[in-house]
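Reading the structure
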Amino acid sequence: MKLVRYRFKTKSVDDYRPLIDMADIQMPWWCSGEAGDGSYAIIICYLPEDEELEKYWDDAYDIEYTSCEEITYTDRFPKPNWIK
């Protein structure tokens, strides 16, 4: 499966969860950090190549992305418990 790994900012610092539950598509996401002034959160997520990021985070900006074929989990970005 072709995937896209995104890194972006979202203005929803109080509740930066995706608009649609990612458990439905079994794709992980994490909050990587927040601005010191509370103006944004930094999100890392994976999506299938044919899914639109804005469907999940409609306020995403400063978007960086990389194509990949597998999800890489690390100590900093562990596999979420809800992923089977």
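A short tour of the structure in this document, coming up. Because the structure is predicted, anything quoted here is derived from the model rather than measured.

**With respect to the pattern of salt bridges**
For the structure shown, the criterion picks out five salt bridges. Where E64 meets R7, a salt bridge forms, and the shortest distance between an N and an O atom there is 3.9 Å. Here E64 is found in strand β4 (residues 61-68), whereas its partner R7 is found in strand β1 (residues 3-10), with 57 residues between them in sequence. D15 is paired through a salt bridge with R17; the nearest N and O atoms lie 2.7 Å apart.

**Regarding the packing of aromatic side chains**
Counted under the stated rule, the structure contains seven aromatic pairs. Both rings, one in W29 and one in W57, keep their centres 5.8 Å apart while their planes meet at 70°; by these two values the pair is edge-to-face. One end of the pair, W29, is in strand β2 (residues 29-34); the other, W57, is in the loop between α1 (53-56) and β4, with 28 residues separating them in the sequence. Here W29 matches W57 in class, with each residue buried. An angle of 80° between the planes, with centres 6.2 Å apart, marks the rings of W30 and Y73 as edge-to-face.

**Notes on the pairing of β2**
When β2 meets strand β3 (residues 41-48), the two strands line up antiparallel, connected through five bridges. Paired with W30 across the bridge in β3 is I44. Taking the residues that link successive antiparallel strands as the turn, the β2-β3 hairpin has six residues, and the phi of G38 there is positive, at about 75°.

**Points about unusual backbone geometry**
Non-glycine residue Q26 carries a positive phi angle of around 55°. Mapping Q26 onto the fold places it in the loop between β1 and β2. Positive phi outside glycine occurs at D62, with the angle close to 50°. Within the secondary structure, D62 sits in strand β4.

Here is what the cut-offs are and how they apply
- Residues numbered from 1 in each chain as written.
- Predicted model: local features only at pLDDT ≥ 70, side-chain atom pairs only at ≥ 80, totals over all residues.
- Heavy atoms only, no water.
- Salt bridge = Lys/Arg side-chain N within 4 Å of Asp/Glu carboxyl O.
- Helix = DSSP H or I, 4+ residues; strand = E, 2+ residues; numbered from the N terminus.
- Phe/Tyr/Trp six-rings, centres within 6.5 Å; stacked < 30°, edge-to-face > 60°.
- Buried < 20%, exposed > 50% of the residue type's maximum accessible area, 1.4 Å probe, protein only.
- Pairing = 2+ DSSP bridges.

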